[in-house]
Amino acid sequence: MNTLSTDLLDIGYETGGPEDGEPVLLLHGWPDDVRGWRGVIPHLEQAGYRWAAPWLRGFGPTRFRSPDTVRDGSAVALTQDAIDLADHLGWNKFSVVGHDWGARIAYTLSALFPERVSTISTLALSYSPGGRFPTPSFEQSRRWWYQWFMTTERGGEAVRADPKGFALEQWKTWSPAGWFNDEEFEATAKSFENRDWTAVSLNAYRSRWKEEVADGRYQPLRRRLASVETLNTPTLMIQGMADMCDPASESEDQARHFTGGYRRQLLHEVGHFPAREAPGEVAREVLSHLKGFLER
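Below is a summary of the structure that appears in this document. Model, not experiment: these values are computed from the prediction. (Residues numbered from 1 in each chain as written. Predicted model: local features only at pLDDT ≥ 70, side-chain atom pairs only at ≥ 80, totals over all residues. Heavy atoms only, no water.)

## A word on the packing of aromatic side chains
- For the structure on display, the rule yields 33 aromatic pairs.
- Ring centres of Trp-179 and Phe-273 lie 4.6 Å apart, and the angle between their planes is 15°; on these two criteria the pair is classed as stacked. Here Phe-273 lies in the loop between strand S9 (262-267) and helix H11 (274-277) and Trp-179 lies in the loop between helix H7 (163-173) and helix H8 (182-189), a separation of 94 residues in the sequence.
- On the accessibility criterion, Phe-273 (1% relative accessible area) is buried.
- Sitting over the face of the ring of Phe-113, Arg-224 holds its NZ or CZ atom 5.6 Å from the ring centroid. (Phe/Tyr/Trp six-rings, centres within 6.5 Å; stacked < 30°, edge-to-face > 60°. Helix = DSSP H or I, 4+ residues; strand = E, 2+ residues; numbered from the N terminus. Buried < 20%, exposed > 50% of the residue type's maximum accessible area, 1.4 Å probe, protein only. Lys NZ or Arg CZ within 6 Å of the ring centre and 35° of its normal.)

## A look at unusual backbone geometry
- Following Trp-30, the chain continues into Pro-31 via a peptide bond in cis, with omega recorded as -10°.
- Here Pro-31 is to be found in the loop between strand S3 (23-27) and helix H1 (41-46).
- Residue Asp-100 is not a glycine yet carries a positive backbone phi of 55°.
- Relative to the elements of secondary structure, Asp-100 occurs in the loop between strand S6 (94-99) and helix H3 (101-112).

## A few points about the pattern of salt bridges
- Applying the stated criterion across every chain, the model contains 17 salt bridges.
- The partner of Arg-116 in a salt bridge is Asp-87, with the nearest N and O atoms 2.8 Å apart. Taken as a pair, Arg-116 in the loop between H3 and strand S7 (117-123) and Asp-87 in helix H2 (residues 75-89) lie far apart in primary sequence, 29 residues in all.
- Take Arg-116: its relative accessible area is 13%, and that puts it in the buried class.
- For Arg-206, the salt bridge identified is with Glu-153, shortest N-O distance 3.6 Å. (Salt bridge = Lys/Arg side-chain N within 4 Å of Asp/Glu carboxyl O.)

## Digging into the side chain of Gln-140
- Position of Gln-140 among the secondary structure elements: in helix H4 (residues 138-143).
- A residue is classified by how much of its surface remains accessible, and Gln-140, at 1% relative accessible area, is buried.
- Once you skip the residues sitting within four places of it in the chain, Gln-140 turns out to touch Cys-245, Asp-246, Pro-247 and Glu-250. (Contact = heavy atoms within 4.5 Å.)

## Overview of the nonpolar core
- Of all hydrophobic cores here, the largest spans 85 residues; its most connected members are Leu-26, Trp-30, Trp-37, Trp-101, Leu-109 and Tyr-146.
- Take this core: its biggest share by element is eight residues, from H3.
- In contact with Tyr-146, other than residues within four places in its own chain, are Trp-30, Phe-166, Gln-170, Trp-174, Tyr-205 and Cys-245. (Core = buried A, V, L, I, M, F, W, Y, C linked by side-chain atoms within 4.5 Å.)

## Observations regarding the packing of H3 against helix H10 (residues 219-226)
- Axis separation between H3 and H10 bottoms out at 10 Å; the angle between their running directions is 85°. Here H3 lies roughly perpendicular to H10, going by the angle between them. Contact residues: H3 offers Thr-108, Ala-111 and Leu-112, while H10 offers Leu-221, Arg-224 and Leu-225.
- Partitioning the contact of H3 with H10 into residue classes produces four nonpolar, one polar and one charged. (Axes fitted to C-alpha atoms, helices over the stretch in contact; angles between N-to-C directions. Parallel < 35°, antiparallel > 145°, perpendicular 65-115°, else oblique. Nonpolar A, V, L, I, M, F, W, Y, C, P; charged D, E, K, R; others polar.)

## Here's the deal with the pairing of S3
- Counting buried positions over the five residues of S3 gives five, a clear majority of the element.
- What you see with S3 is no split at all: Pro-23, Leu-25 and Leu-27 on one side and Val-24 and Leu-26 on the other are buried throughout.
- When S3 meets strand S4 (residues 50-54), the two strands line up parallel, connected through three bridges. What sits directly across from Leu-25, in S4, is Ala-52.
- Inspection of the sheet shows S3 paired to S6 by four bridges, in the parallel sense. In the sheet register, Val-24 faces S6, and the bridge partner there is Ser-95. (Pairing = 2+ DSSP bridges.)

## Points about the environment of Asp-33
- Mapped onto the fold, Asp-33 is located in the loop between S3 and H1.
- When the C-alpha positions of Asp-33 and Thr-188 are compared, they lie 6.3 Å apart, and in sequence the two are 155 residues distant.
- Every residue in contact with Asp-33, bar those within four places of it in the chain, is listed here: His-28, Trp-55, Thr-188, Ser-191 and Arg-276.
- A distance of 3.3 Å separates the side chain of Asp-33 from the side chain of Trp-55, its partner in a polar contact.
- A polar contact is formed between the side chain of Asp-33 and the side chain of Ser-191, at a distance of 2.7 Å. (Polar contact = N/O pair within 3.5 Å; in protein donor to acceptor, adjacent residues only side chain to side chain.)

## Considering the pairing of S7
- In terms of burial, S7 is a largely internal element, seven of the seven residues being buried.
- Across five bridges, S6 lies against S7 in parallel orientation. Bridge pairing in S7 places Val-96 opposite Ile-120.
- After leaving S6, the chain enters H3 and then returns to the sheet as S7, a path that is right-handed.
- As paired strands, S7 and strand S8 (residues 235-240) are joined by four bridges and run parallel to one another. Residue pairing for S8: Ser-121 is matched across the bridge by Leu-236. (Right-handed = clockwise from strand over helix to strand, strands pointing away.)

Structure (structure tokens):
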């Protein structure tokens, strides 16, 4: 493991692949960590790509350096962390593969730093123009029970008391049964022992639906993001057809938001964690996307 120290964070990250390979940033989702890419990484390395996979703020070894810093879990905060890591690695331009929260970061990178991003591949999450969170349908609201739960004080107390148990509920219900074992969950859930995991999680979800404390240093990025409707970065969206959190209906008819190329790939019998459930299929689609645009 490597560590980058910024003004705010000590960011833990892994990296590998040929030093001179085209760079790819792997951004995990919630509730997950860098282990989610273990099945995809060998394919990237075999194809000659250089990769880096950070733990997002509040996960695993990525820690806030000051107790006074707002535990801001917004997309713009996470996006700035990604840019800080890319700068540290000397990556002027790079591709992004992101799952769940990582997918939202990928879209936000494309919106705010299009000159830095070659391609994006997003897993399990559709694009939200302007970074907005429109009120979901009643059906989708039922799937997002965990978000409403976290917006309440008593719900927040319950998550603080048992963060691993809360995360396990999502693993058990977002994909068809049998896609993980207890050992893999426990190994990943060590990242949720970070003292700030719950604070960042609560801030991220509460701020979507009500007023929440935000770090003012990201306000210029928030204003810029609010004005962006379309993305010009070549985009691959990978959707599990058995996703019980963000179903396929949530990612339909999105091509109009992308001016640089867009493809949506459906994976049958795959739920919310495609890189874990079908790593070979995900790697094949991602490599096809990367080669299709990077080798032009």
